Amino acid sequence: MNGPFELKPTLRGDRVELRPFQPADIDAMGAILADPEVLRLTGSVRTSAETLHQSATLDAETRRWYETRAEQPDRLDLALIDRSTGHCVGEAVFNEWSEADQSCNYRTLIGAAGRDRGLGTEATKLMVDYAFSATDLNRIELDVYDFNPRARHVYERAGFTYEGRKRQAFTFDGTRIDTVVMSILRQDHIGAALHPTQG
Ligand SMILES: CC(C)(COP(=O)(O)OP(=O)(O)OC[C@H]1O[C@@H](n2cnc3c(N)ncnc32)[C@H](O)[C@@H]1OP(=O)(O)O)[C@@H](O)C(=O)NCCC(=O)NCCS
């Protein structure tokens, strides 16, 4: 299968490096995916109780998943490295590519060691810049739970626009949560470059 992500880039910003997963990065993902906040905000579990006591060691299937990401031309999975330490603190992903629509989905997650220091904002901007400069993608979309205002803010800062909401699309701890849909189009990105705003 072909795809826009046959080449696996390394993207560098001031604080973040995004790169294909190396063995040490995969090791680090165990604790990151077991982080209670990551589990809750990515919809990986349905209750607070399930966020506790998750194993910080990847099972064989998940490890194999990371080991094979470089072979997938229809998606881009990059380790998110904190340049101040050189350690992997999360991941940034383009998936759900549609050739006919020239679109894909974006998602990211960062463990406790990397959050709230600007890494997610910079990583998202790097991914969007890459998509619109190195591929023919026209649209990138994402879903974010309504109980995650930080992520929504980060996506807005990276140029994503609110599109609407899927009402009560997700249930957590027995409470129904809306899912917010956001997107960025190639034309938005070019427009932002022509008319930059502060920050
Ligand atoms: C969401 C995530 C990627 C953001 O990355 P990050 O590196 O932590 O975020 P940054 O430090 O770049 O930016 C955080 C911004 O959110 C703002 N923020 C923090 N908490 C907020 C809140 N409750 N409401 C609104 N804004 C908030 C901060 O002020 C900052 O904005 P500023 O730079 O304009 O001041 C990361 O926190 C994460 O992975 N969290 C857990 C999993 C997750 O939520 N994944 C996304 C699923 S859609």
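What you are looking at is a predicted structure, and each value in this text was computed from that prediction instead of being measured.

1. Observations concerning the site of the ligand
1) Next: What surrounds the ligand is a group of 21 residues, the closest being Ile110, Gly118, Gly120, Thr121 and His153.
2) Next: Between Ile110 and the ligand, the recorded distance is 2.6 Å, taken from a backbone N or O atom to an oxygen atom.
3) Next: Take Gly118: an N or O atom from its main chain is 2.7 Å from an oxygen atom of the ligand.
4) Next: In the complex, the protein chains occlude 74% of the 960 Å² of accessible area that the ligand would expose alone.
5) Next: Of all the elements in the fold, those that place two or more residues in the shell around the ligand are β5 (103-110), α5 (119-134), β6 (139-145) and α6 (149-157).
6) Next: Examining the composition of the shell around the ligand, we find that seven residues originate from one element, α6, more than from any other.

2. Some remarks on the packing of aromatic side chains
1) Next: Tallied over the full model, the rule gives 11 aromatic pairs.
2) Next: Look at Tyr155 and Phe160: their rings are 5.9 Å apart centre to centre, the planes differ by 65°, and that puts the pair in the edge-to-face class.
3) Next: Take Tyr155: its relative accessible area is 6%, and that puts it in the buried class.
4) Next: Ring-pair connections join several aromatic residues into one group, and the members of that group are Phe5, Phe94, Tyr106, Tyr155 and Phe160.
5) Next: Taking NZ or CZ as reference, Arg40 lies 5.1 Å from the ring centre of Phe147, over its face.

3. Here's the deal with the sheet that holds strand β4 (residues 87-98)
1) Next: With respect to topology, eight strands assemble into an open sheet ordered β1-β2-β3-β4-β5-β6-β8-β7, the strand pairing being mixed. Each edge of the sheet is formed by a strand with only one pairing partner; in this case those strands are β1 (11-12) and β7 (161-172).
2) Next: Pairing analysis gives seven bridges linking β4 to β5, with the strands arranged antiparallel. By the bridge assignment for β5, Phe94 is matched with Tyr106.
3) Next: In the packing of helix α7 (residues 186-194) onto the sheet, the strands contacted are β7 and β8 (175-185), and the crossing angle to β8 comes to about 65°.

4. Points about the side chain of Glu91
1) Next: Mapped onto the fold, Glu91 is located in strand β4.
2) Next: Relative accessible area serves as the criterion here: at 2%, Glu91 is assigned to the buried category.
3) Next: Not counting residues within four places of it along the chain, the set of residues in contact with Glu91 comprises Phe21, Met29, Tyr66, Leu78, Leu80, Arg107, Thr108 and Leu109.

5. Re the pairing of β7
1) Next: Sheet topology places β7 next to β8; eight bridges connect them, and they run antiparallel. In the sheet register, Phe172 faces β8, and the bridge partner there is Thr175.
2) Next: Taken together, β7 and the strand that follows it, β8, pair antiparallel across an intervening segment of two residues, in which Asp173 is found at a positive phi of about 50°.

6. A closer look at the nonpolar core
1) Next: Residues Leu18, Phe94, Tyr106, Met127, Ile140 and Phe160 are the most contacted members of the largest nonpolar core, which totals 32 residues.
2) Next: Those elements that provide at least two residues to this core are β2 (16-19), β3 (76-82), β4, β5, α5, β6, α6 and β8.
3) Next: If one sorts the elements of this core by residue count, α5 sits on top with eight residues.
4) Next: With 11 residues, the next largest nonpolar core counts Phe21, Val38, Ile81 and Cys88 among its residues.

7. Topic: unusual backbone geometry
Comment: phi is negative for the bulk of residues other than glycine, and the bulk of peptide bonds are trans.
1) Next: If you check the backbone angles, His53 has positive phi at about 60° while not being a glycine.
2) Next: If you trace the backbone, His53 turns up in the loop between α3 (48-51) and α4 (60-67).
3) Next: One non-glycine residue with positive phi stands out, namely Asp173, at about 50°.
4) Next: With respect to the secondary-structure elements, Asp173 resides in the loop between β7 and β8.
5) Next: Asp173 sits in the partly exposed class, given a relative accessible area of 41%.

8. Some points on helix α1 (residues 23-33)
1) Next: Buried residues of α1: Asp25, Ile26, Met29, Gly30 and Ile32, and no others.
2) Next: The elements touched by buried residues of α1 are β2, α2 (36-41), α4, β3, β4 and β5.

Here is what the cut-offs are and how they apply
- Residues numbered from 1 in each chain as written.
- Predicted model: local features only at pLDDT ≥ 70, side-chain atom pairs only at ≥ 80, totals over all residues.
- Heavy atoms only, no water.
- Near = heavy atom within 4 Å.
- Polar contact = N/O pair within 3.5 Å; in protein donor to acceptor, adjacent residues only side chain to side chain.
- Areas by Shrake-Rupley, 256 points an atom, 1.4 Å probe, with all protein chains shown as cover.
- Helix = DSSP H or I, 4+ residues; strand = E, 2+ residues; numbered from the N terminus.
- Phe/Tyr/Trp six-rings, centres within 6.5 Å; stacked < 30°, edge-to-face > 60°.
- Buried < 20%, exposed > 50% of the residue type's maximum accessible area, 1.4 Å probe, protein only.
- Lys NZ or Arg CZ within 6 Å of the ring centre and 35° of its normal.
- Pairing = 2+ DSSP bridges.
- Contact = heavy atoms within 4.5 Å.
- Axes fitted to C-alpha atoms, helices over the stretch in contact; angles between N-to-C directions.
- Core = buried A, V, L, I, M, F, W, Y, C linked by side-chain atoms within 4.5 Å.

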